[in-house]
Amino acid sequence: KERNPHEPEFHQAVKETLHSLIPLLEENPEYINNGILERLVEPERMISFQVPWTDDTGAVRVNRGFRVQFNSAIGPYKGGLRFHPTVNSSIIKFLGFEQIFKNSLTGQPIGGGKGGSDFDPKGKSDREIMRFVQSFMTELSNHIGPDTDVPAGDIGVGPREIGYMFGQYKKMRGAFEAGVLTGKSPQFGGSLVRTEATGYGTVYFVKEMLATRGLSFRGKTVVVSGSGNVSCFAMEKADELGANVVACSDSSGYIYDEDGIDIETVKRLKIDEGERISKYVEEHPQARYFDNCPDIWSVPCDIALPCATQNELNEEAARILVSNGLLAVGEGANMPCDAEAIDLFQENDVLFAPAKAANAGGVAVSSLEMAQNSARLSWSFEEVDEQLKAIMKDIHDRSQEAAEECGKPGDLIAGANIAGFKRVAGAMLMQGI
Ligand code: NDP
């Protein structure tokens, strides 16, 4: 904490991960003797830069941009870019740290990185977004490349922003290097299923986890927080598997419809039109809107999928969920449950799918996008979706095995951390200091 003051989210992520590695470290002193932990918690490179741009009135605005290149032991840095006013070095470092393990778990050759800006895309015109993005990429382009660092989207960064970034990178380099960014439109090198991958992948992972107790999504009541990219496609897949998705939210409030949310309406309002979720009830008057988003966890459900943001589900919310008979939690967002909430779930035998395993589907398909770009090929939707399913099953099974091996059967948090760590640490040992 002294070395990294004012970085609570980073401390939280590191503490949670390192804690579960203790049994492994006790049995394998070579990790300690080679300074693996000290090297893992210190980014290989952290870039912070000025992003000046002009708004539609001609006024000059200045934001701060970041890119953390955390660990490249198993491949080029890979991780999304987040545009949100809460972005700071702590948020970027926690996300980048988690990304190392997540990327390792996918089995793909990708290292860990993350980036973003404290720019708030809300209320900005399309031209303002474009000018901001061009300025952001003008500096970022000095630090990325298909074999060095490959950014993608995250909160506030979707296909439009990725498109503007790619256009600016192409101008700066004078070359069409498709593999420098993932999450591109399929019209210029993007992979099919990338948009759906994180949400679908979370549900595929939870499906595997439920099966270990002979359970499935069919007939279950599901609550999904958020209504962005991850949430919408988690809702879509859960619905397809026979669940009843009764509530979702945005940062203003949540909607509840006991007969099931109309997911197409949510997608159109939130993803296509950038509206508030409250508008849903104008089109679906049988649904109800509540203007306090954390209260979404008071809706009784069998499966909770927090898919919005970090620390959105605390101990109090966990207690209510458990008292309502919760069976399982799948973290679609990064670190959405705080440490106390997780403890409570584990004490009450709730199945728990941790983010770095459950939401790895997005980056896994990003890696498949890189492979398609290298080969100058495009695979079909079905082909990519099948690979995604196989990857999510593999992540689940390896996390489960690692949990058993360390004497914590069923603890997928420990299992995911250990399985992710072993691959990265092994590569670091082989590559020297
Ligand atoms: P989006 O920007 O598409 O959506 C975020 C959603 O969460 C919006 O609906 C937003 O509402 C809502 N939200 C934000 N804060 C809160 C809050 N406090 N309470 C309730 N809702 C809130 O982002 P993504 O869907 O891409 O990302 C969501 C999470 O998933 C993040 O943690 C991200 O890091 C993680 N993730 C994303 C991946 C991806 O492929 N996109 C990959 C792996 C992880 P509003 O409209 O009001 O802002």
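Residues numbered from 1 in each chain as written. Predicted model: local features only at pLDDT ≥ 70, side-chain atom pairs only at ≥ 80, totals over all residues.

Chemist: Which residues make up the overall build of the protein, and what values do they have?
Modeler: Check the secondary structure of the protein and you find 16 helices and 12 strands. Over its C-alpha atoms, taken along the principal directions, the protein stretches across nearly 60 × 55 × 45 Å. Going through the 433 residues of the protein one by one, you find that 51% of them count as buried. (Helix = DSSP H or I, 4+ residues; strand = E, 2+ residues; numbered from the N terminus. Buried ≥ 20, exposed ≤ 12 C-beta atoms within 10 Å, placed from the backbone.)

Chemist: Break down the sheet that holds strand E8 (residues 254-256) for me, with residues and values.
Modeler: Overall, mixed pairing links the seven strands, which are arranged E9-E8-E7-E6-E10-E11-E12 in an open sheet. Bordering the open sheet on either side are strand E9 (288-290) and strand E12 (351-353), each of which pairs with just one other strand. Each strand of the sheet is rotated relative to its neighbour by a mean of 20°, with strand direction disregarded. Direction of pairing for strand E11 (residues 328-330) relative to E12: parallel, over a ladder of three bridges. Note on E12: the bridge partner recorded for glycine 330 is alanine 353. In the packing of helix H7 (residues 194-211) onto the sheet, the strands contacted are strand E10 (303-306), E11 and E12, and the crossing angle to E11 comes to about 150°. (Pairing = 2+ DSSP bridges. Axes fitted to C-alpha atoms, helices over the stretch in contact; angles between N-to-C directions. Contact = placed C-beta atoms within 7 Å.)

Chemist: Please set out the domain arrangement of the protein residue by residue, giving values where relevant.
Modeler: Examined at the domain level, the protein breaks down into domain 1 (43-179) and domain 2 (195-358). Between the C-alpha centres of domain 1 and domain 2 the distance comes to 27 Å. For the side of domain 1 that touches domain 2, the residue count by class is five nonpolar, one polar and two charged. (Domains from an automatic or database assignment. Nonpolar A, V, L, I, M, F, W, Y, C, P; charged D, E, K, R; others polar.)

Chemist: Provide a residue-level description of the packing of helix H8 (residues 229-240) against helix H9 (residues 263-272), including the pertinent values.
Modeler: Look at H8 against H9: their axes get within 10 Å of each other, and the N-to-C directions meet at 170°. Relative to H9, H8 is oriented roughly antiparallel. Residue-level inspection shows Cys232, Met235, Glu236 and Asp239 of H8 in contact with H9, the latter providing Ile263, Val266, Lys267 and Ile271. (Parallel < 35°, antiparallel > 145°, perpendicular 65-115°, else oblique.)

Chemist: Requested: an account of helix H12 (residues 339-347), with residues and values cited.
Modeler: Among the residues making up H12, those that are buried are Ala341, Ile342 and Phe345. An end-on view of H12 places all buried positions within 100° of arc, on one side of the element. Buried residues belonging to H12 abut helix H11 (315-323), E11 and E12. (Arc of directions from axis to C-beta.)

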